[in-house]
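Commentary on secondary and tertiary structure
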There are 2 protein chains.
Amino acid sequence: MEPLRPVVLERLIQYYRYLFGLTGQRSVETVTSAQLGAALDIDPTQVRKDFGAIGLVGISRVGYEVSEVSRAIRVVFGFDRPYEAILVGAGHLGKAILNYPGFSRYGLEIAAAFDNDPEVIGTEIAGLRVRPIRSLKPFVRKHAVRMAILTTPVSASQALADRLVSSGVKAIWNFSPTRLTAPRDVLIRNQYISVGLAQLAYHLNGPAGGSPSRISTPEKPSKDRSPTQEN
Amino acid sequence: MEPLRPVVLERLIQYYRYLFGLTGQRSVETVTSAQLGAALDIDPTQVRKDFGAIGLVGISRVGYEVSEVSRAIRVVFGFDRPYEAILVGAGHLGKAILNYPGFSRYGLEIAAAFDNDPEVIGTEIAGLRVRPIRSLKPFVRKHAVRMAILTTPVSASQALADRLVSSGVKAIWNFSPTRLTAPRDVLIRNQYISVGLAQLAYHLNGPAGGSPSRISTPEKPSKDRSPTQEN
DNA sequence: AGCCCTTCGTGAAAAATTTCTCGAACCCCT
DNA sequence: AGGGGTTCGAGAAATTTTTCACGAAGGGCT
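This report concerns the structure included in the present document. Every value quoted in this text rests on a predicted model; they were computed, and no experiment measured them.

All names here are of chain A. Overall, the coordinates contain 25 aromatic pairs over all chains when judged by the stated rule. Summarising the aromatic geometry, the rings of Tyr16 and Tyr106 are spaced 5.8 Å apart at their centres and angled 75° between planes, so their arrangement reads as edge-to-face. Of this pair, Tyr16 sits in helix H1 (residues 6-24) while Tyr106 sits in the loop between helix H5 (92-98) and strand S4 (108-115); the two residues are 90 residues apart in sequence, bridging distant segments of the chain. The two residues Tyr16 and Tyr106 agree in class, both being buried.

Here it is in structure tokens:
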């Protein structure tokens, strides 16, 4: 099966998130493409095609089995094989991410947090003791960590990214508002939230003012709770 | 001029962010579409079309004037006419957002923060005293606030969104991992960051493993510094 | 057991987006 | 002042993504 296009991945995550709300209420064991489409504002045909693309087959007059859809999506993304990641930069945002409880649904487990501020090193955040940057490489090597979450100031990002790469990390989720560069075999995902802000601003203050509404992060979706979270 | 499509808005923000890095170094007064394209991995033709769409004209053998491009983008989004927003939910993420210093580039000014936790109310975050939810409506009315940033637990999001709407807010930047509903004239921007995580996971753990790399928030982009930020 | 009505699966059509090709503009250099 | 090489601007082509239209499958009801 050829790799799924980003657009498809994005929709799959939307479906996945929507299903969370369903599994809560037992007795709901199936969903129809029409139901998903109406809830997420996606054409039902599109839903069926996406499902078909990951090998899901529905039942004619019934729809798709919730548990099966959920499982299929988990498999596609590899959420069923939990992976460890480390977080670099225990500032405000880093703290917020460490405290976000919803990542397990995406197979992510944050194994350690690093920072270079002596004031912060040694403190405990969300049950994790913050380690000095110095110990980053040994840790990554020892635990064979492949993913890193970067929540550092722009000024330090690239240098730390390089360091992560040389330590063996293969994927970086970058939250600092800078475009990072890395070798081809390392995946960088720049998480620029200002895109969302800009879209709101455009509709609110821009030229013509109001036009279509309801926009979602093409790229950025998730799930959870407790004063302040992510997704 | 008909409204710009979301894809275009997204690229414009990418250009805007890229230009930040340029204005630092004086002597750089122009950019070419080729330069922008190479840096952001966007086809040069696309860059020119986007610029043309917002009325920018380049100079033949030179390119575009950095300051003019920047100004044009600010005008399109309305960043040149600062607007006030309030933040609801002063948890970890809310705190991180309040401390993020880069929003002014996008015209955003956070005027107040609200929470319903007695422990938090009254404390000061990033120079802002946290107010009780009770005072939300009066504040919005009095200051004619049109935008709200929602960083509350999923369980409270919809109720608060409704409250914001009834108070007169016209745009909600939702960080809780739930799809919110609101009247048609209210814009909701769901900021789901898990999309980014999922894309990384897919390339890392998914089916075929490695394929193309370097992905950015469609949705989603921004700029800044200090241990922990956003964009 | 048979009919009806939903819902899937698909191929074709439509729309949107990106990429290609080129002519024209025009700064720089000699 | 003229030649050259670079960069824009635009129309056309290619590609991707979304939407439409329908046949087929298969529960549920009488």
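This part is about the protein's contact with DNA strand C. What surrounds DNA strand C is a group of 24 residues, the closest being Ser33, Ser60 and Tyr64 of chain A together with Arg5 and Ser60 of chain B. Counting only the atoms of DNA strand C within 4 Å of the protein, the fraction contributed by sugar and phosphate is 59%. Between DNA strand C and Ser33 of chain A there is a distance of 2.5 Å, counted from a phosphate oxygen to a side-chain nitrogen or oxygen. The contact in question runs from a base oxygen of DNA strand C to an N or O atom on the side chain of Lys49 of chain A, over 2.8 Å. Residue assignment for the surface near DNA strand C shows that the elements contributing at least two residues are helix H3 (44-53) of chain A together with helix H1 (6-24) and helix H3 (44-53) of chain B.

Here the phi dihedral of Asp41 of chain A falls at roughly 60°; this positive angle occurs in a residue that is not glycine. On the secondary structure map, Asp41 of chain A appears in the loop between helix H2 (33-40) and H3.

With that settled, the discussion passes to the environment of Ala201 of chain A. If you trace the backbone, Ala201 of chain A turns up in helix H8 (residues 194-205). The contacts of Ala201 of chain A, once residues within four sequence positions are left out, are Gly206 of chain A together with Phe77, Phe79, Tyr83 and Met147 of chain B.

All names here are of chain B. Inspection of the secondary structure puts Asp115 in strand S4 (residues 108-115). For the buried Asp115, no salt bridge is present, and the opposite-charge side chain at shortest range is Lys95, 8.4 Å distant. Polar side-chain contacts of Asp115 include one of 2.7 Å to the backbone nitrogen of Ala90. A polar atom in the side chain of Asp115 sits 2.9 Å from the backbone nitrogen of Asp117. With residues near it in sequence (within four places) discarded, Asp115 still touches Gly89, Ala90, Gly91, Val120, Ile121, Val130, Arg131, Pro132 and Ile133.

Next up on the list: helix H6 (residues 136-143) of chain A. Residue and element names in this part refer to chain A. Among the residues of H6, those classed as buried are Leu136, Phe139 and Val140. All buried residues of H6 project into a common sector of 95° when viewed along the axis, lining one side. Structural note: H6 exposes Arg141 and Lys142 on the side pointing more than 90 degrees away from its buried face. Of the surrounding elements, those touching the buried residues of H6 are strand S3 (83-88), S4, strand S6 (128-132) and helix H7 (154-167).

So, on to the protein's contact with DNA strand D. Arg5 and Ser60 of chain A together with Ser33, Ser60 and Tyr64 of chain B are the nearest of the 22 residues found near DNA strand D. Atoms of DNA strand D within 4 Å of the protein belong to the sugar or the phosphate in 55% of instances, the rest to bases. Contacts to DNA strand D include Ser60 of chain A, whose side-chain N or O atom sits 2.3 Å from a base nitrogen. Separating a phosphate oxygen of DNA strand D from a side-chain N or O atom of Ser33 of chain B is a distance of 2.5 Å. Tallied by class, the residues present in the surface near DNA strand D amount to 5 nonpolar, 9 polar and 8 charged.

Right, let's talk about the environment of Ala148 of chain B for a bit. Residues and elements named next belong to chain B. Structurally, Ala148 can be placed in strand S7 (residues 147-150). You can call Ala148 buried: its relative accessible area is 0%. Sequence-distant contacts of Ala148, defined by excluding residues within four places in its chain, comprise Ile86, Leu164, Val169, Ala171, Ile172 and Trp173.

What follows concerns H3 of chain A. All names here are of chain A. Listing the buried residues of H3 in full gives Val47, Asp50 and Phe51. Viewed along the axis of H3, the buried residues span an arc of 100°, placing them on a single side of the element. Two or three places before Thr45, at the opening of H3, Asp43 has a side-chain oxygen 2.7 Å from that residue's backbone nitrogen. Two residues or fewer past H3, Gly55 is found with a positive phi of approximately 80°.

This next bit is on the pattern of salt bridges. All names here are of chain A. According to the stated counting rule, one finds 6 salt bridges over all chains in the structure shown. Residue Arg11 is joined to Asp50 by a salt bridge in which the shortest nitrogen-to-oxygen separation is 2.6 Å. Placement of the pair is Arg11 in helix H1 and Asp50 in helix H3, with a sequence separation of 39 residues. Here Arg11 matches Asp50 in class, with each residue buried. In this structure, Asp80 and Arg81 form a salt bridge, with 3.9 Å as the shortest nitrogen-oxygen distance. With a relative accessible area of 45%, Arg81 lands in the partly exposed category.

The rules we used
Residues numbered from 1 in each chain as written. Chains lettered and ligands numbered in written order. Predicted model: local features only at pLDDT ≥ 70, side-chain atom pairs only at ≥ 80, totals over all residues. Heavy atoms only, no water. Phe/Tyr/Trp six-rings, centres within 6.5 Å; stacked < 30°, edge-to-face > 60°. Helix = DSSP H or I, 4+ residues; strand = E, 2+ residues; numbered from the N terminus. Buried < 20%, exposed > 50% of the residue type's maximum accessible area, 1.4 Å probe, protein only. Near = heavy atom within 4 Å. Polar contact = N/O pair within 3.5 Å; in protein donor to acceptor, adjacent residues only side chain to side chain. Contact = heavy atoms within 4.5 Å. Lys, Arg positive; Asp, Glu negative; His and termini not counted. Salt bridge = Lys/Arg side-chain N within 4 Å of Asp/Glu carboxyl O. Arc of directions from axis to C-beta. Nonpolar A, V, L, I, M, F, W, Y, C, P; charged D, E, K, R; others polar.

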